[in-house]
Amino acid sequence: IGDCFRAETRGGVGMIETLLALCALPGVSGWEDAVRDYLMEQALPYADKIETDPMGNLMVFRSGKKHDKTLMLCAHMDEVGVIITGITAEGYLKFDFVGGIDRRVVIGKSVFIGDDTIPGIIGIKAHHLSRGDKNVPAVHEMSIDIGAKTREEAETMIALGDVGTFEPTCTRMGGLLCAKAIDDRLGCAVLLKLLEHQPPCDTWFVFTVQEEV
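Residues numbered from 1 in each chain as written. Predicted model: local features only at pLDDT ≥ 70, side-chain atom pairs only at ≥ 80, totals over all residues. Heavy atoms only, no water.

## Topic: the overall build of the chain
For step 1, the next point in the chain: Within the chain one finds 5 helices and 12 strands.
For step 2, the next point in the chain: For the chain, the C-alpha atoms occupy an extent of roughly 70 × 40 × 25 Å along the three principal directions.
For step 3, the next point in the chain: The buried share of the chain, taken over its 213 residues, is 40%.
For step 4, the next point in the chain: If the 21 positive side-chain charges of the chain are averaged to one point and the 32 negative ones to another, these points end up 7 Å apart. (Helix = DSSP H or I, 4+ residues; strand = E, 2+ residues; numbered from the N terminus. Buried < 20%, exposed > 50% of the residue type's maximum accessible area, 1.4 Å probe, protein only. Lys, Arg positive; Asp, Glu negative; His and termini not counted. Charge placed at Lys NZ, Arg CZ, Asp CG, Glu CD.)

Quick look at the structure:
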């Protein structure tokens, strides 16, 4: 793996570019299609066999230099997100989390919802209208504002059951890289880079789904 990072531009697209492309894709648990399509396209030139199963796991086989044993390497392609559970009379969206998310970090976060990537912001009742409770609000006390003024207007943009991803921003902080879904798109990027080189033994590179749930 270390060799892959040190020679990140070898074999075409570099590790960082691959990672950023993967992190930008939407792939909430159960809706990983865009990520799987990208991984399949990138893996195709190096694969001896590609399979998917009914759950959506992507399994890529590459023959090794020796065939005395078989190895499997895994990374999950899904990410946490939100799912829309209701719409208020004022046009705000009620939601729940898909996967384990710390409520303390989501207030004020931008999200993109549904196939049309409708932008919204997670918010809570304004401080001057609340009881002054300093505890972290429960998820049912939060709403997503998409700019709609009524339930009917919101329903023209969003349907119950639509999922949303957090804003696909990427920030470099010194030698660090901060991005949405870096868990575990980094693992997926590593597997893609390893796949470019014939492994020492027969190897399945498996990109799994629904780990976050």
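## Considerations on the layout of surface pockets
For step 1, the next point in the chain: For the second largest pocket, the calculated volume is near 510 Å³.
For step 2, the next point in the chain: Lining the second largest pocket are 20 residues, with Lys109, Phe166, Ala179, Lys180 and Ala181 positioned closest to its centre.
For step 3, the next point in the chain: Of all the secondary structure elements, the ones that give two or more residues to the lining of the second largest pocket are β11 (176-179) and α5 (182-195).
For step 4, the next point in the chain: Residue classes in the lining of the second largest pocket are distributed as 9 nonpolar, 4 polar and 7 charged. (1 Å grid on protein atoms, 1.4 Å probe; cavity = no way out; pocket = protein on both sides within 12 Å on 5 of 7 lines; lining within 4 Å. Points joined across faces, edges and corners; volume = space filled by probe spheres on them. Nonpolar A, V, L, I, M, F, W, Y, C, P; charged D, E, K, R; others polar.)

## What about the pairing of strand β9 (residues 163-166)?
For step 1, the next point in the chain: Side chains Val163 and Thr165 project from β9 onto one buried face, and the interleaved Gly164 and Phe166 project onto a second face that is buried too.
For step 2, the next point in the chain: Where strand β4 (residues 81-87) and β9 come together, 2 bridges link them in antiparallel fashion. Looking at β9, one finds that Ile83 is bridged to Val163.
For step 3, the next point in the chain: As paired elements, strand β6 (residues 110-113) and β9 share 3 bridges and run antiparallel to each other. Its bridge partner lying in β9, Phe112 is registered against Thr165. (Pairing = 2+ DSSP bridges.)

## A look at the sheet that holds strand β12 (residues 201-208)
Backbone hydrogen bonds hold the strands of a sheet together, and the pairing may be parallel or antiparallel.
For step 1, the next point in the chain: Taken in spatial order, the 4 strands of this open sheet run β1-β2-β12-β3, and their pairing is mixed. The open sheet is flanked by β1 (49-52) and β3 (66-76), the only strands paired with a single partner. On average, each strand axis in the sheet is inclined to that of its neighbour by 15°, with strand direction left out of account.
For step 2, the next point in the chain: Bridge analysis of β1 against strand β2 (residues 58-62) gives 4 bridges, and the strand direction is antiparallel. Counterpart to Ile50 in the pairing with β2 is Val60.
For step 3, the next point in the chain: Strands in contact with helix α3 (residues 33-43) are β1, β2 and β12; relative to β2, the strand with the most contacts, it is inclined by about 10°.
For step 4, the next point in the chain: Helix-sheet contacts for α5 involve β2, β3 and β12, and the interaxial angle to β3 is about 150°. (Axes fitted to C-alpha atoms, helices over the stretch in contact; angles between N-to-C directions. Contact = heavy atoms within 4.5 Å.)

## Thoughts on the packing of aromatic side chains
For step 1, the next point in the chain: Per the counting criterion, the structure on display carries 2 aromatic pairs.
For step 2, the next point in the chain: Between Phe61 and Trp204, the ring centres sit 5.0 Å apart and the planes meet at 50°, which makes this aromatic pair tilted. Taken together, the positions of Phe61 in strand β2 and Trp204 in strand β12 put the pair 143 residues apart, joining distant regions of the chain.
For step 3, the next point in the chain: A relative accessible area of 15% places Phe61 in the buried class.
For step 4, the next point in the chain: With a relative accessible area of 21%, Trp204 lands in the partly exposed category. (Phe/Tyr/Trp six-rings, centres within 6.5 Å; stacked < 30°, edge-to-face > 60°.)

## Quick notes on the environment of Gly99
For step 1, the next point in the chain: Residue position: Gly99 is located in the loop between β5 (93-98) and β6.
For step 2, the next point in the chain: Once the C-alpha coordinates of Gly99 and Val82 are considered, the two residues, 17 residues apart in sequence, prove to be 8.4 Å apart.
For step 3, the next point in the chain: Apart from the residues within four sequence positions on either side, Gly99 is in contact with Val80, Glu212 and Val213.

## Comments concerning the side chain of Lys180
For step 1, the next point in the chain: Turning to its location among the elements, Lys180 is positioned in the loop between β11 and α5.
For step 2, the next point in the chain: The buried category is assigned to Lys180, whose relative accessible area is 10%.
For step 3, the next point in the chain: From its side chain, Lys180 meets the backbone oxygen of Cys23 in a polar contact 2.8 Å long.
For step 4, the next point in the chain: In this structure the side chain of Lys180 is engaged in a polar contact, spanning 3.0 Å, whose partner is the backbone oxygen of Leu25. (Polar contact = N/O pair within 3.5 Å; in protein donor to acceptor, adjacent residues only side chain to side chain.)

## Thoughts on the pairing of β5
Residues in a regular strand point their side chains to alternate faces of the sheet.
For step 1, the next point in the chain: Both β4 and β5 contribute to a ladder of 6 bridges, which runs antiparallel. Within the sheet, the bridge partner assigned to Gly86 lies in β5 and is Lys94.
For step 2, the next point in the chain: Here β4 folds back onto β5 in antiparallel fashion, the turn holding 5 residues, of which Gly91 has a positive phi close to 95°.

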